[in-house]
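# Inside the fold
Chain residues, written in single-letter form:
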Amino acid sequence: MNPRQIIGRIGLWFAVFVIVSPAILFFLWMLSLSLKFEVDNAAYPPVFIPEHFAWKNYADVLASNRFLTYFINSLVVTGSATALALLVGVPAGYGIARMAAHKSAIVILIARITPGLSYLIPLFLLFQWLGLLGTLVPQIIIHLVVTVPIVIWIMIGYFETTPLELEEAALIDGATRWQVFRHVALPIARPGIAVAFILAVIFSWNNFVFGIVLAGRETRTLPVAVYNMISFDQLSWGPLAAAALIVTFPVLLLTVLAQRQIVAGLTAGAVKGG
């Protein structure tokens, strides 16, 4: 390895450290807050590693009357929104890519970059008129506004990079377009679908605004539950940090388990043009 390569390698690792270190620092500090008693959280100078760990912060959050209900609500909303987004978005991305429908792709891009708040007021009035406010149905529907464009845009970029020879061979052998999509295109597109799935889950799971506006007392999701722990009278940093980490853990675990598929999808062009 020559000196230029060594300098380049050092520069790369330094850039990675500069970019990643703030996120790691914030995560470690949040973990520290969740394991400390309020005396240590309010201490000055700050205490990073306490002498005694406050595991009761996690126990108090998990023992909360509605935390399990909110967790189930998040699973239902995120699972339904992601499944429906994949069901609609993967075939749509395939069709747009194969038909080279660039105008449709631009429409999807506009839908992707448009803030979700732009859809909130008209959909709120619609759900209010239908009498659906306070249920999980409007949350699932409005999450599709976020997840479907993400899935379609990712799959368009991925299918544009996959070879056409296998599909053309299947068509010559007498397969229908649906059979080509199901038996040829889908197996090849698994890495791209994995990336679309992860991103759809992250955007849906972490969504806060839709939940706080459309949900009722029994249909709130976990991000709203964490927000409800903040009050004007008292702010307990330990339980609040513990709740935030518990909310983050499912998505973090899913990302770690699917990291191979994510890397494969990224290197194969699954987020081309993203």
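Please read all numbers here as calculations on a predicted model, not as lab measurements.

The next subject is the overall build of the protein chain. The number of helices and strands found in the protein chain is 14 helices and zero strands. Shown N-terminal to C-terminal, the secondary structure of the protein chain runs as helices and strands in the order α-α-α-α-α-α-α-α-α-α-α-α-α-α. Taken along its principal axes, the extent of the C-alpha atoms in the protein chain is 75 × 70 × 30 Å. When each of the 274 residues of the protein chain is scored for burial, the buried share is 36%. Of the contacts made within the protein chain by residues no fewer than 6 positions apart, 75% connect residues no fewer than 24 positions apart. Of the roughly 16,300 Å² of accessible surface on the protein chain, a fraction of 71% belongs to carbon and sulfur atoms. Here the protein chain contributes 15 positively and 11 negatively charged side chains, and the mean placements of these two sets differ by 6 Å.

For Ser 34, the location among the structural elements is in helix α1 (residues 3–34). Within the structure, the side chain of Ser 34 is placed 2.7 Å from the backbone oxygen of Leu 31, a separation counted as a polar contact. Those residues in contact with Ser 34 that sit more than four places away from it in its chain are Ala 54, Asn 57, Tyr 58, Gly 238, Ala 241, Ala 242 and Leu 245.

Our next topic: the UniProt feature "transmembrane region" (unreviewed entry) in the protein chain. Per the UniProt entry, the sites bearing "transmembrane region" (unreviewed entry) are residues 12–31, 70–94, 106–130, 136–159, 192–215 and 235–257 in this numbering. Split by type, residues 12–31 is 100% helix and 0% strand. Its first and last C-alpha atoms lie 28 Å apart. End-to-end, the C-alpha atoms of residues 106–130 are 32 Å apart, and along that stretch the chain is 88% helix and 0% strand.

Attention now goes to the side chain of Gln 139. Tracing the backbone through its elements, the reader meets Gln 139 in helix α7 (residues 137–159). Of the residues examined, Gln 139 reaches a relative accessible area of 0% and is grouped as buried.

Another point: the environment of Ala 111. Among the secondary structure elements, Ala 111 is positioned in helix α5 (residues 102–113). In this structure the C-alpha to C-alpha distance between Ala 111 and Pro 46, which are 65 residues apart in sequence, comes to 44 Å. The residues touching Ala 111, leaving out its near neighbours within four places in the chain, are Tyr 119 and Pro 149.

With 16 residues, helix α10 (residues 190–205) should reach 22 Å at 1.5 Å per residue; the first-to-last C-alpha distance of 22 Å fits that figure. What α10 keeps buried is the set Pro 191, Gly 192, Ala 194, Val 195, Ala 196, Ile 198, Ala 200, Val 201, Ser 204 and Trp 205.

With that settled, consider the nonpolar core. In this structure, Val 90, Val 151, Met 155 and Phe 159 are the most contacted members of the largest nonpolar core, which totals 34 residues. When contributions to this core are tallied by element, the ones reaching two or more residues are α4 (67–99), α5, α6 (117–130), α7, α9 (177–188), α10 and α11 (209–214). Considering every element that reaches this core, the biggest residue donor is α7, with 12 residues. Setting aside residues no more than four positions away along its own chain, Val 151 makes contact with Ala 85, Leu 86, Gly 89, Val 90, Ala 196 and Ala 200.

This paragraph deals with α7. In this model, α7 (23 residues) spans 31 Å end to end at C-alpha, consistent with the 33 Å of a helix rising 1.5 Å per residue. At Val 145, α7 shows its maximal bend, which comes to roughly 35°, and the proline Pro 149 appears one to four places after that position. A large share of α7 lies buried, amounting to 19 of its 23 residues.

Our focus in this paragraph is the packing of aromatic side chains. The full count for this structure, using the stated rule, is six aromatic pairs. Relative to Phe 159, the ring of Tyr 94 lies with its centre 5.2 Å away and its plane at 80°, an arrangement referred to as edge-to-face. In this pair, Tyr 94 is assigned in helix α4 and Phe 159 in helix α7, connecting sequence segments 65 residues apart. Geometrically, the ring pair formed by Trp 178 and Phe 181 is tilted, given 5.6 Å between the ring centres and 40° between the ring planes. You can see Trp 178 and its partner Phe 181 sitting in helix α9, three residues apart, about one turn around the helix. Given the relative accessible area of 56%, Trp 178 is considered exposed. For Phe 181, a relative accessible area of 6% corresponds to the buried category. Members of the aromatic cluster, each reached through a chain of ring pairs, are Tyr 94, Tyr 158, Phe 159, Trp 178 and Phe 181.

Turning our attention to the confidence of the model for the protein chain. When pLDDT is averaged across the protein chain, the result is 80; 91% of the residues are at 70 or more. Note that pLDDT drops below 50 for residues 269–274; the model gives that stretch 18 contacts with residues more than four away or on any other chain.

Scoring rules and cut-offs
Residues numbered from 1 in each chain as written. Predicted model: local features only at pLDDT ≥ 70, side-chain atom pairs only at ≥ 80, totals over all residues. Heavy atoms only, no water. Helix = DSSP H or I, 4+ residues; strand = E, 2+ residues; numbered from the N terminus. Buried < 20%, exposed > 50% of the residue type's maximum accessible area, 1.4 Å probe, protein only. Contact = heavy atoms within 4.5 Å. Areas by Shrake-Rupley, 256 points an atom, 1.4 Å probe, with all protein chains shown as cover. Lys, Arg positive; Asp, Glu negative; His and termini not counted. Charge placed at Lys NZ, Arg CZ, Asp CG, Glu CD. Polar contact = N/O pair within 3.5 Å; in protein donor to acceptor, adjacent residues only side chain to side chain. UniProt positions renumbered as here; feature names shortened; annotations may be inferred. Expected span 1.5 Å × (residues − 1). Core = buried A, V, L, I, M, F, W, Y, C linked by side-chain atoms within 4.5 Å. Bend = angle between axes of the 7 residues up to and from the residue. Phe/Tyr/Trp six-rings, centres within 6.5 Å; stacked < 30°, edge-to-face > 60°. pLDDT = per-residue confidence, 0-100.

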